[in-house]
Amino acid sequence: MKMKFNLNEITRKSVAVLKPYSSARDEYVSDGSTMIFLDANENPFDNGVNRYPDPYQRSLKALLAKQKGVSEGNMLLGNGSDEVLDLIYRAFCEPNQDNVITLPPTYGMYKVLAGINAVENREVMLTTDFEPDVPAILEAVDEQTKLVFICSPNNPTGNSFKKESIEKLLESFNGLVVIDEAYIDFSNQESWLNNLKKFPNLIVTQTLSKAYGLAGIRLGVCYASEAIISILNKIKPPYNVNQLTQQKALQRVLNEDAVQQEVVQILEERSNLEKALQNLEFVEKLYPSDANFVLAKVDNADKRYQQLLDKHVVVRNRSTQPLCENTLRFTVGTPTENKALIAILKQL
Ligand SMILES: *Cc1c(COP(=O)(O)O)cnc(C)c1O
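Since the structure is predicted, the reported quantities are computational estimates derived from the model, not experimental observations.

Each value, and the rule that gives it
Residues numbered from 1 in each chain as written. Predicted model: local features only at pLDDT ≥ 70, side-chain atom pairs only at ≥ 80, totals over all residues. Heavy atoms only, no water. Helix = DSSP H or I, 4+ residues; strand = E, 2+ residues; numbered from the N terminus. Buried < 20%, exposed > 50% of the residue type's maximum accessible area, 1.4 Å probe, protein only. Contact = heavy atoms within 4.5 Å. Areas by Shrake-Rupley, 256 points an atom, 1.4 Å probe, with all protein chains shown as cover. Lys, Arg positive; Asp, Glu negative; His and termini not counted. Charge placed at Lys NZ, Arg CZ, Asp CG, Glu CD. Near = heavy atom within 4 Å. Polar contact = N/O pair within 3.5 Å; in protein donor to acceptor, adjacent residues only side chain to side chain. Nonpolar A, V, L, I, M, F, W, Y, C, P; charged D, E, K, R; others polar. Phe/Tyr/Trp six-rings, centres within 6.5 Å; stacked < 30°, edge-to-face > 60°. Core = buried A, V, L, I, M, F, W, Y, C linked by side-chain atoms within 4.5 Å. Domains from an automatic or database assignment. Salt bridge = Lys/Arg side-chain N within 4 Å of Asp/Glu carboxyl O. Buried area = accessible area lost by both parts, 1.4 Å probe. UniProt positions renumbered as here; feature names shortened; annotations may be inferred. Pairing = 2+ DSSP bridges.

### Focus on the overall build of the protein
Here's step 1: When helices and strands are tallied, the protein shows 13 helices and 11 strands.
Here's step 2: Projected onto its principal axes, the C-alpha positions of the protein cover 70 × 55 × 30 Å.
Here's step 3: Out of the 348 residues in the protein, the part that is buried amounts to 52%.
Here's step 4: In the protein, of all internal contacts separated by at least 6 residues, the share reaching a separation of at least 24 is 69%.
Here's step 5: Taken as a whole, the protein presents about 16,800 Å² of accessible surface, with 50% of it coming from carbon and sulfur.
Here's step 6: Charge-centre separation for the protein: the mean point of 38 positive side chains lies 1 Å from the mean point of 44 negative side chains.

### Describing the environment of H312
Here's step 1: Of note, H312 is situated in the loop between α12 (301-310) and β10 (316-317).
Here's step 2: Linking H312 and L341, residues 29 residues apart in sequence, is a C-alpha distance of 9.7 Å.

### Details of the site of the ligand
Here's step 1: Taken together, 14 residues lie around the ligand, and Y183, T207, S209, K210 and R218 are the ones closest in.
Here's step 2: The separation between an oxygen atom of the ligand and a polar side-chain atom of T207 is 2.7 Å.
Here's step 3: S209 has a polar side-chain atom sitting 2.7 Å from an oxygen atom of the ligand.
Here's step 4: Relative to its unbound accessible area of 380 Å², the ligand is 93% covered by the protein chains.
Here's step 5: Take the shell around the ligand: its biggest share by element is three residues, from helix α5 (residues 80-92).
Here's step 6: Looking at side-chain class alone, the shell around the ligand contains five nonpolar, five polar and four charged residues.

### Let's talk about the packing of aromatic side chains
Here's step 1: Within this structure, the stated rule accounts for seven aromatic pairs.
Here's step 2: Their ring planes at 50° and their centres at 5.1 Å tell us that F130 and Y287 sit as a pair that is tilted. Here Y287 lies in the loop between β8 (283-286) and β9 (293-298) and F130 lies in the loop between β3 (120-123) and α7 (134-140), a separation of 157 residues in the sequence. The exposure classification of F130 matches that of Y287, with both residues buried.

### Here's the deal with the nonpolar core
Here's step 1: Ranked by internal contacts, the top residues of the largest apolar core, which has 55 residues, are I150 and Y223.
Here's step 2: Mapped onto the domain boundaries, this core takes at least three residues apiece from domain 1 (7-254) and domain 2 (257-347).
Here's step 3: Ignoring sequence-local partners within four residues, the contact set of I150 consists of L103, F161, I166, L169, V177, V178, I179 and D180.
Here's step 4: One finds V84, I88, I231 and I235 within the second-largest nonpolar core, a separate group that totals 31 residues.

### A short note on the pattern of salt bridges
Here's step 1: Scanning the entire structure with this criterion turns up 14 salt bridges.
Here's step 2: Residues joined by salt bridges that share partners form a network here, namely R25, D39, E42 and R51.

### Brief notes about the domain arrangement of the protein
Quite often, the size of an interface is put as the accessible area lost when its parts meet.
Here's step 1: As far as domains go, the protein holds domain 1 (7-254) and domain 2 (257-347).
Here's step 2: Each of domain 1 and domain 2 was reduced to a C-alpha centroid, and the two centroids are 29 Å apart.
Here's step 3: Facing the 24 residues of domain 1 at the interface are 21 residues of domain 2.
Here's step 4: Of the roughly 1,800 Å² buried at the junction of domain 1 and domain 2 (both faces included), carbon and sulfur atoms supply 63%.

### Let's talk about the UniProt feature "domain: Aminotransferase class I/classII large" (unreviewed entry) in the protein
Here's step 1: UniProt records the feature "domain: Aminotransferase class I/classII large" (unreviewed entry) at residues 47-343, using the numbering of this structure.
Here's step 2: Secondary structure content for residues 47-343 is 38% helix and 17% strand, and the end C-alpha separation is 49 Å.

### Observations concerning the UniProt feature "modified residue: N6-(pyridoxal phosphate)lysine" (unreviewed entry) in the protein
Here's step 1: Following the UniProt record, the feature "modified residue: N6-(pyridoxal phosphate)lysine" (unreviewed entry) maps to K210 here.
Here's step 2: Note that K210 resides in the loop between β6 (202-207) and β7 (220-223).
Here's step 3: Sequence-distant contacts of K210, defined by excluding residues within four places in its chain, comprise A182, Y183 and F186.
Here's step 4: One polar contact links K210 to Y183, side chain to side chain, over a distance of 3.1 Å.

### Comments concerning the side chain of T106
Here's step 1: With respect to the secondary-structure elements, T106 resides in the loop between β2 (99-102) and α6 (109-116).
Here's step 2: Here N154 takes part through its side chain, which lies 2.8 Å from a polar atom of the side chain of T106.
Here's step 3: Setting aside residues up to four positions removed in sequence, T106 forms contacts with C151, N154, N155, P156 and Q321.

### A closer look at the pairing of β8
Here's step 1: As paired elements, β8 and β9 share three bridges and run antiparallel to each other. Considered in β9, the bridge of V283 is made with V298.
Here's step 2: Taken together, β8 and the strand that follows it, β9, pair antiparallel across an intervening segment of six residues.

### Some thoughts on the pairing of strand β11 (residues 327-331)
The two faces of a sheet get side chains in turn, since along a regular strand they alternate between them.
Here's step 1: For β11, the tally of buried residues reaches four of five residues, placing the bulk of the element in the interior.
Here's step 2: Two strands pair when backbone bridges link them, and β10 and β11 are joined in this way by two bridges, in the antiparallel orientation. Residue pairing across strands places R316 opposite R329, the latter belonging to β11.

In structure tokens form, the structure reads like this:
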């Protein structure tokens, strides 16, 4: 293992030497004066979106930075977390040479992105109580290990990982530790965002797809040191977050109270759902959740899944995932939907 985290050493050579594409909006940055823009071959007739969007999404970043207590230089926005995660692979992993570590059962995209990028995915199973097996992870690391993916709260298990385990990885691993906090707004755990200064090898990803209710606009956020962000900025497509997404995200993030009210309702409904599931005969185990879904072990997942489908309720059968035999994952719906679900469950 390398002795110390060194960002230059883990950056792909082709990325390190890359001279990024310079867009019209890179070469002339507006100072707010009224100008005649004839530099980007756009159609000049105004329809709201005839101009290219801000490649660095400055207004949205300024607002998010204020709310999250980080600076704009620590942020990169992408077309969903999926793009952000892909950029991380492409910046740091040499195809057919490097490897990453993922911790199943977890979010499936880390593995798919490894495949797309021709990067070996070393899977180190969570323990039976769904915690990272830190000694086994460190054992799996070699010179070619660039990334470890930590999903906390974890999908599909719902739990947050112990702070000490994550801290140990950040301290002992000399590549990048990517903490996916897609569900952090439903959790009572503190975000790792507040540790960016302490750990130069920390990347935190968040999304507007879950608590913020904007899955349809595709907006993912990556928080990391300015050094890491500037490498990712070099390789991102110039206009990766479109104008409509930037506008919609801005409106929603400004409306913090509305988001918070929905989160409170979802947490209330999660608690109602947990109580109902606990009392069902065919539910064998309910896993504690720190997210907007609950995972339940049932007597026969295929049968219960089909019965729910027959009643027009679609849940996720997670039985194919390791350590998740006969489990169903229930997303928390509106109070009305949740009431209907509970009534149906009681009839099965
Ligand atoms: C839903 C989810 C995301 C969100 O991905 P987007 O591309 O931002 O919609 C990211 N990570 C995990 C673990 C998720 O469950």
